[in-house]
Amino acid sequence: MCGNNMSAPLPSVVPAARKATAAKERGPGTPVAWLRREATRAGASPARFHSVIFLHGLGDTGPVMPVTLNMKMAMPSWFDIIGLSPDAQEDEPGIKQAAENVKALIDQEVKNGIPSNRIILGGFSQGGALSLYTALTTQQKLAGVTALSCWLPLRASFPQSPISGPNREISILQCHGDCDPLVPLMFGSLTVEKLKTLVNPANVTFKIYEGMMHCSCQQEMMDVKQFIDKLLPPVD
């Protein structure tokens, strides 16, 4: 499974009972209202014991806004992307608001009876970036994060020492292709170095896939599955 993008019709909330994903269509309303509506659709079945919330990359579904990197064309995006270099200006208000939207979805899952430590955040590209930022700033203790072909937004805003929040011991699986032309491997390397200063470095895993571009591959998906199965074992 490889192309120039791995966008999926997400965010998805994957309940244990049926492994359903959110509907493909995008409806009207605010970003957080849309997230809640999609989560409700995905989580309709009873006996749910955990959730995986996975956020797509630039494009696909989600809130629509002008994206500076794409000549300010309006398209689905979690926040504005101004440039793709380590020192590029970042949309700090947009990133923080997007994180609050995801935190609201986590809170909804907790209200629905899913313990926060049975919730995994994940995402590809921009979605993976948002998942990392959200996990490091939320006050809900999460099970883990799967961060695919992405970077850590607002990296300089984090401390030079471990974070003091509930996710200091969080498990993180970070994956990247060594031939990624859009989010170069350097971004992944800088991100994992920073992550290991913010959380327990023993809980951070960085996997590099030879020949993989800004996409996915079967081995990566197998690694993600193994990571999720380890963190979210069946509940009797």
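No experiment lies behind these values; they were computed from the predicted model shown.

Calculation notes
- Residues numbered from 1 in each chain as written.
- Predicted model: local features only at pLDDT ≥ 70, side-chain atom pairs only at ≥ 80, totals over all residues.
- Heavy atoms only, no water.
- pLDDT = per-residue confidence, 0-100.
- Contact = heavy atoms within 4.5 Å.
- Helix = DSSP H or I, 4+ residues; strand = E, 2+ residues; numbered from the N terminus.
- Expected span 1.5 Å × (residues − 1).
- Buried < 20%, exposed > 50% of the residue type's maximum accessible area, 1.4 Å probe, protein only.
- Phe/Tyr/Trp six-rings, centres within 6.5 Å; stacked < 30°, edge-to-face > 60°.
- 1 Å grid on protein atoms, 1.4 Å probe; cavity = no way out; pocket = protein on both sides within 12 Å on 5 of 7 lines; lining within 4 Å.
- Points joined across faces, edges and corners; volume = space filled by probe spheres on them.
- Nonpolar A, V, L, I, M, F, W, Y, C, P; charged D, E, K, R; others polar.
- Salt bridge = Lys/Arg side-chain N within 4 Å of Asp/Glu carboxyl O.

Caption draft 1: Highlighting the confidence of the model for the protein. Summing up the model confidence of the protein, the mean pLDDT is 84 and the portion of residues at 70 or higher is 80%. Here residues 1–30 is a poorly scored stretch, pLDDT under 50, and it has 97 contacts once near neighbours within four places are set aside; other chains count. Every residue in residues 36–46 is under pLDDT 50, and counting partners more than four places away or in other chains gives 29 contacts.

Caption draft 2: The arrangement of helix H4 (residues 185–198) in detail. With 14 residues, H4 should cover 20 Å at 1.5 Å per step; its first-to-last C-alpha distance of 20 Å lies within 8% of that length. All of the buried residues along H4 are Phe-187, Gly-188, Thr-191, Val-192, Lys-194, Leu-195 and Leu-198. Those residues of H4 hidden inside the fold are in contact with helix H3 (126–137), strand E7 (171–177) and strand E8 (204–209).

Caption draft 3: Local environment of the packing of aromatic side chains. Using the criterion set out here, one finds one aromatic pair in the structure. Summarising the aromatic geometry, the rings of Tyr-133 and Phe-158 are spaced 5.7 Å apart at their centres and angled 70° between planes, so their arrangement reads as edge-to-face. On the criterion of sequence distance, the pair formed by Tyr-133 in helix H3 and Phe-158 in the loop between strand E6 (144–148) and E7 is long-range, its members being 25 residues apart. Each member of the pair Tyr-133 and Phe-158 is classed as buried.

Caption draft 4: Examining the layout of surface pockets more closely. Taken as a whole, the second largest pocket encloses approximately 320 Å³ of empty space. Residue lining of the second largest pocket: 21 residues in total, with Ser-85, Pro-86, Ala-88, Glu-90 and Trp-151 positioned closest to the centre. Ranked by the residues each element gives to the lining of the second largest pocket, the list is headed by H4, at three residues. Its residues assigned to classes, the lining of the second largest pocket comprises 13 nonpolar, four polar and four charged.

Caption draft 5: Local environment of the pattern of salt bridges. Summed over all chains, the structure comprises three salt bridges. When the shortest N-O distance is used, the salt bridge between Lys-96 and Glu-92 registers 2.8 Å. Pair noted here: Lys-96 and Glu-92 are both in helix H2 (residues 92–111), with a separation of four residues, about one helical turn. Looking at Lys-96, the relative accessible area reads 38%, which means it is partly exposed. With its nearest N and O atoms 2.7 Å apart, the salt bridge here joins Asp-229 to Lys-225.

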